[in-house]
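# Analysis of the macromolecular model
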Amino acid sequence: MVPDWLRLSRLALGFTAAVATMVLLGPGALAITKQELESSLPDNKTVDKLAKVTVGMPYLNSLSSAASNLKDYQCYCQLFTVKNDKWKDYGGAYLSFKQRELLRAEIKSLDYRNGSVVVKQSDGAIRGKGGGTLSLVKMTLQPDSRTLKLPTGFSLAESDFLSLTSSLKRQVAAGGVATVSAPVTLAPFKEPVLVLLMRDNKGEEAVVGSSFVHVVYLSAKTKIPIAWNTYKDGQPNAFVFFDNLDFNKGLSDSLFTL
């Protein structure tokens, strides 16, 4: 018989890889090259030219207000990460959120991670369970658990739109520089987007991209994120797409209990 500690360790390892899927298109897609992903999105120089208007807290507060208008929502996400200089499709997850701070992520994959669930409950507890043969194993996770850490640098438990926009405000408060574009039409998106560029406090560096922290693609109509590109050491390291957003559905609180 497999001891409980080993079963929980396997569960944690599964979450470390699988929960890192705040993510969209179906799982199991073949890895694509960095060039293939970037061919449909603006490169660093283009982003730098597009996002020219410096914005401060009032603009970022408007993003928080837009997210607050979503009393609840569900979306399907896809995460790409860089490995060996190639973009890899990391998998998929259905994400549900309800004000205030209720969250549920259901992992979709072709391996043992399929069916894994993480829930942030109304009492603030973060609960998780495995998929497949581990579906009966449930555990409570600490907010700072490595299990919840995403390749984007965010915690899964703080990956709703309100929390994400709050992270932008904290960065500006710490000296970061936010700039935004006018509405622009880009190949991957079905609607015009605003390109929001977040730089660290070295925003005046001459090397384009060296100070990039995030590039966020916002719906020009709603100001809700459609995609989120994070950087590490001046290079893109993760790309999250948010698709099939369905909001103000009247989701039941029971969905956020595990």
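Structure: above.
Nothing here was measured: the structure is a model prediction, and the numbers come from that model.

Geometrically, the link from Gln99 to Arg100 is a cis peptide bond, its omega value of 0° lying close to zero. Relative to the assigned elements, Arg100 resides in the loop between strand E4 (86-98) and strand E5 (102-108). Unlike most non-glycine residues, Asp233 shows phi in positive territory, near 55°. In this structure, Asn244 is a non-glycine residue whose phi angle is positive, near 55°. Looking at the secondary structure, you find Asn244 in strand E13 (residues 235-247).

With that settled, the discussion passes to the pairing of E13. In this structure, strand E3 (residues 72-83) lies alongside E13, joined through 8 bridges in antiparallel fashion. Across the sheet, the residue bridging to Tyr73 is Phe247, located in E13. Alignment of strand E12 (residues 225-232) against E13, held across 6 bridges, turns out to be antiparallel. Residue pairing in the sheet places Tyr231 in a bridge with Pro236 of E13. If you look at the hairpin formed by E12 and E13, you'll find 2 residues sitting between the two strands, and Asp233 has a positive phi there, around 55°.

The next subject is the packing of aromatic side chains. Per the counting criterion, the structure on display carries 12 aromatic pairs. Considering the side-chain rings of Tyr73 and Phe161, the 4.7 Å spacing of their centres and the 15° angle between planes classify their relative orientation as stacked. With Tyr73 in strand E3 and Phe161 in helix H5 (residues 161-173), the pair connects residues that are 88 residues apart, well separated along the chain. Under the relative-accessibility criterion, Phe161 is labelled buried at 2%. When the ring of Phe80 is compared with that of Phe241, the centres are 6.2 Å apart and the planes differ by 85°; the resulting orientation is edge-to-face. Remark: Phe241 occurs in strand E13 and Phe80 occurs in strand E3; sequence separation between them is 161 residues. Comparing Phe80 with Phe241 shows no difference in burial state: the two are buried. Members of the aromatic cluster, each reached through a chain of ring pairs, are Phe80, Trp87, Phe189, Tyr217, Phe239 and Phe241.

Between its first and last C-alpha atoms helix H4 (residues 57-68) spans 16 Å; for 12 residues at 1.5 Å apiece the expected length is 16 Å, and the two agree. Within H4, burial applies to Tyr59, Leu60, Leu63, Ser64, Ala66 and Ala67. Buried residues of H4, viewed axially, fall in a sector of 160°; they line one side. In the core, the buried residues of H4 are packed alongside strand E2 (53-55), H5, strand E9 (177-180), strand E10 (193-199) and strand E11 (212-219).

Glancing now at the environment of Val53. Within the secondary structure layout, Val53 lies in strand E2. Taking the C-alpha atoms as reference points, Val53 and Leu197, separated by 144 residues in sequence, lie 9.8 Å from one another. Each residue touching Val53, except ones within four places of it in the same chain, is listed here: Ala178, Thr179 and Val180.

Bridge analysis of E2 against E9 gives 3 bridges, and the strand direction is antiparallel. Bridge assignment links Val53 to a residue of E9, and that residue is Val180. Sheet topology note: the E9/E10 ladder contains 4 bridges and is antiparallel. Directly across from Ala178, in E10, lies its bridge partner Met198.

Parameters at a glance
Residues numbered from 1 in each chain as written. Predicted model: local features only at pLDDT ≥ 70, side-chain atom pairs only at ≥ 80, totals over all residues. Heavy atoms only, no water. Helix = DSSP H or I, 4+ residues; strand = E, 2+ residues; numbered from the N terminus. Pairing = 2+ DSSP bridges. Phe/Tyr/Trp six-rings, centres within 6.5 Å; stacked < 30°, edge-to-face > 60°. Buried < 20%, exposed > 50% of the residue type's maximum accessible area, 1.4 Å probe, protein only. Expected span 1.5 Å × (residues − 1). Arc of directions from axis to C-beta. Contact = heavy atoms within 4.5 Å.

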